[in-house]
Amino acid sequence: MAGSILAGAWQGRQFIAGRWHAASGEVFENINPAQTEQVLGLYPRGTADDVDAAVAAARRSFDAWRRTSRIRRGELFMNLANLIRRDTDQLAEVLARENGKVLNEARAEIIEGLHMVEYVFGTARQPVGQVVESEIAGKDLYVRRKPRGVVAVITPWNFPFAVPLWMLGPSLLEGNTTVFKPSEETPEIGQRLVQLFEEAGFPPGTINLVHGTGEVAGDALARHADVDVVAFTGSYEVGAHIRQLAAAADHKTCALELGSKSAVIVCQDADLRLAVNAALLSAFKTTGQRCVSAGRVLVHRKLLDQFAREFVDQTQRLKFGDPFDPTVFAGPMINGSGVDKVLSYNELARQEQAQVLLDGGRLTGPEHAQGWFLGPFVYVQEHRPAVRTIREEVFGPHVAIVPFDSDEQAVEIYNDTPYGLSMAVITEDYRRWRLYRDECDYGMGYVNLPCIGAEVHLPFGGVKRSGNGQPSAAALVDAVTHKTAFTVNYDRKIIMAQGMSAETSDNTKKSARNNEPH
Ligand code: NAD
């Protein structure tokens, strides 16, 4: 990479035990995907030793932090919310520049992160367990959540502000301490976020930041013996590796949010205008680089021609370009390998006899010359065995229109992929959406909406290759705590549940004496 270092480029730092550390060894470049000649900053390439130091700092601070009043922990999140509100515009610009999503979407992501922080603050005064009845009148039973310990938070580049907060928020509120490894594609927004945690007053060691590649820093963190939970969002391939590491360790758990082949399903009674709008947003918002992006639009054959015509017509009007231009719909791809991957799937679609309706290819306008810009690729593909492009995640502006003849067949097509993250059904018939609700494999379902878009107080997760059943955002609390059962006896004698005798042959007399009234 022969990029020019931007004037005022960032010198990235790692944050360990409450202190910022400049790079002492190798660094990596943070590249602007819309202007690839621009190096936005240089960041330490975190090593296994850095990870050791960060995990040790998190472990040292764990006991003091878990003993800190939960309400006090919550108040620090209120401070953090105020700081994010103060810096919203600046954070949105940082995000749009290094990630490439358009400024309005970058701002929406900062607001989503803010909502998560506000939610976490609000839950600080909520119950941490339950009081339940015992079989025995003289006993009280409690269920109480306890923190697990050190949580590793490893996140992707496509939601580099909101997703870390979905994980750091519940982890820290519940009394865990954390080590955060942001994506190497978006290190600046990760570092800014940690600076705000520091400014908000989180004690040294409760949040630590290690930069670097997945293969070195991420891997060392995920396999570290003193990490109790790995909260990971990213690709299926890396998630599967992390699941194996966790399975091999006695004490480790993981919460995985992975890839998808999400879909919009357009039923024969659909409002066509709404259907086209929902499909456009689902397929091309964020240049198709959302985990929930629709790689497929399933369309009832009766509507196929009309839908395809409208969809292609409107897709051609979408503007892809500079994320800071307010007339632009979507920005660049994140990097060259993302571009190559989409182009190879476009080629594969042709090999698999797709009927190609639109092939945007690499964009070549003067405003595109310096960036990783791709245009939309739209095709019709019949559902047949072994067609890869309608089953595998592509992660870019590549969408298949797949015809179907009945609702039952649409369900079968929808489920015929290894993933199960997000599904939207477009229909005016409540009986129809109930069928899809009950028969499709997904974590997030929508009716008459795009299959993208989330609110932080809902669980966010998927099934099959899309996750391991530990949803994120508000629901992450289940992954970063364990539930303890706690039983207190108020009687003077021991009475066992299920009618089991509490007497032993040796202590019959003694216990009879003990049971006499005092
Ligand atoms: P990725 O899996 O390449 O990287 C994610 C993170 O894992 C990065 O921080 C990376 O450095 C790290 N990593 C890479 N190799 C590692 C290893 N061996 N050990 C430990 N960590 C490692 O994913 P990406 O390209 O950053 O993001 C795109 C993927 O994320 C897509 O598949 C998308 O669907 C998925 N995603 C899922 C959700 C969800 O909630 N389900 C949300 C956003 C993105």
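Definitions and cut-offs
- Starting from 1, residues in each chain are numbered consecutively following that chain's sequence as written.
- In keeping with the predicted nature of the model, local features appear solely for residues at pLDDT of at least 70, side-chain atom pairs appear and are counted solely at 80 or more, and the whole-chain, interface and lining totals rest on all residues.
- To obtain the side-chain values, all non-hydrogen atoms of the structure were used and water was disregarded.
- Each residue is placed in one exposure class: buried if its accessible area under a 1.4 Å probe, protein chains only, is under 20% of its type's maximum, exposed if it is over 50%, and partly exposed if it falls in between.
- In this description a helix means any DSSP run of H or I spanning at least four residues, a strand means any run of E spanning at least two, and both kinds are numbered starting from the N terminus.
- Any two strands with at least two DSSP-identified bridges between them are counted as paired.
- The criterion for a residue being near a molecule or strand is simple. One of its heavy atoms has to lie within 4 Å of it.
- Polar contacts, as used here, are pairs of N or O atoms within 3.5 Å; protein pairs need one atom able to donate a hydrogen and one able to accept it. Residues neighboring in sequence count only if both atoms are side-chain atoms.
- In this description, accessible areas are obtained by the Shrake-Rupley approach with a 1.4 Å probe, and a residue is regarded as covered only by the protein chains that are shown.
- As annotated, the domain borders come from an automatic or database domain assignment.
- For every element, the axis is a line fit to its C-alpha atoms; helices are fit only across the contacting stretch, and the angle between N-to-C directions ranges from 0 to 180 degrees.
- Relative orientations are named as follows: roughly parallel for angles under 35 degrees, roughly antiparallel for angles over 145 degrees, roughly perpendicular for angles from 65 to 115 degrees, and oblique for any other angle.
- Basically, the charged four are Asp, Glu, Lys and Arg, the nonpolar ten are Ala, Val, Leu, Ile, Met, Phe, Trp, Tyr, Cys and Pro, and anything else, Gly included, counts as polar.

(A) Fine view of the pairing of strand β11 (residues 229-233). Most of β11 is tucked away: five of the five residues are buried. Bridge count between strand β8 (residues 150-154) and β11: four bridges; the pairing is parallel. Residue pairing across strands places I154 opposite F232, the latter belonging to β11. Direction of pairing for β11 relative to strand β12 (residues 253-257): parallel, over a ladder of five bridges. Of the residues in β12, the one forming a bridge with V230 is C254.

(B) Molecular detail of the site of the ligand. Lining the immediate surroundings of the ligand are 26 residues, of which T155, K181, E184, S235 and L258 lie closest. At a separation of 3.2 Å, an oxygen atom of the ligand approaches a polar backbone atom of G214. With the chains in place, 89% of the 850 Å² that the ligand exposes on its own is no longer accessible. With three residues, helix α6 (residues 214-222) is the largest single contributor of residues to the shell around the ligand. Looking at which domains feed residues into the shell around the ligand, each of domain 1 (4-258 + 472-482) and domain 2 (262-455) supplies at least three.

(C) Highlighting the packing of helix α2 (residues 70-99) against helix α3 (residues 103-123). Orientation of α2 relative to α3, taken along the N-to-C sense of each, is 175°, at an axis distance of 8 Å. Here α2 is positioned roughly antiparallel relative to α3, judged by the angle of their axes. Residues belonging to the contact of α2 with α3 are distributed by class as follows: 17 nonpolar, three polar and eight charged.

These figures capture arrangement, not role.
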